[in-house]
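# A look at the structure
Here's the letter readout for the chains.
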Amino acid sequence: MTITSQDVIAVLGPVDRALIAEIIATGAEAEELAEAWAWVNSDEALIGEGRRLPNGKVAELVDLLSEEEEDREE
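Now for a quick tour of the structure. (Residues numbered from 1 in each chain as written. Predicted model: local features only at pLDDT ≥ 70, side-chain atom pairs only at ≥ 80, totals over all residues. Heavy atoms only, no water.)

This brings us to helix 2 (residues 17-25). Regarding helix 2, the residues found buried are L19, I20 and I23. Buried positions in helix 2, seen along its axis, are confined to an arc of 100° and lie on one side of it. Across helix 2 from its buried face, at more than 90 degrees, point the exposed residues R17 and A25. With a side-chain oxygen positioned 2.8 Å from the backbone nitrogen of A18, the residue opening helix 2 is D16. Directly beyond the C-terminal end of helix 2, a positive phi value near 80° is found at G27. (Buried < 20%, exposed > 50% of the residue type's maximum accessible area, 1.4 Å probe, protein only. Helix = DSSP H or I, 4+ residues; strand = E, 2+ residues; numbered from the N terminus. Arc of directions from axis to C-beta. Polar contact = N/O pair within 3.5 Å; in protein donor to acceptor, adjacent residues only side chain to side chain.)

This is the structure in structure tokens:
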């Protein structure tokens, strides 16, 4: 099932509507968003666990979330 705006907010908390729209446009599922969020916030720990780097929709979401985080830091 494709992700909804409520799913995005449940994982990320309150975020910009444009980011929500971009995430929904990927066609990802809530589980993929949760995994991407984990990668953005704790990539070293996941690599330390021996997890493979994300690919597919998870990698696309990681890119979107990383860009958003960089924009907020500026």
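On to the side chain of T26, then. Along the polypeptide, T26 turns up in the loop between helix 2 and helix 3 (30-48). Separated by 2.6 Å, the side chain of T26 and the backbone oxygen of I23 make a polar contact. When sequence neighbours within four positions are dropped, the list of residues in contact with T26 reads K57, E60, L61 and L64. (Contact = heavy atoms within 4.5 Å.)

Let us look at the environment of M1. Note on placement: M1 falls in the segment before helix 1 (5-12). In this structure, M1 is in contact with A28 and E29, ignoring residues within four places of it in sequence.

Let us look at the environment of A38. On the secondary structure map, A38 appears in helix 3. In this structure A38 comes out as partly exposed when scored by relative accessible area, which is 27%.

The next subject is the environment of Q6. Relative to the assigned elements, Q6 resides in helix 1. Overall, Q6 belongs to the exposed group, its relative accessible area being 57%. Each C-alpha atom of the pair Q6 and A30 lies 9.8 Å from the other, and the pair is 24 residues apart in sequence.

By size, the foremost hydrophobic cluster in this structure holds 16 residues, and its most contacted members are V8, L12, I23, L33, L61 and L65. Contributing elements (two or more residues each) for this core: helix 1, helix 2, helix 3 and helix 4 (56-73). Aside from chain neighbours lying at most four places away, what touches L12 is L19, I23, L33, W37 and L65. (Core = buried A, V, L, I, M, F, W, Y, C linked by side-chain atoms within 4.5 Å.)

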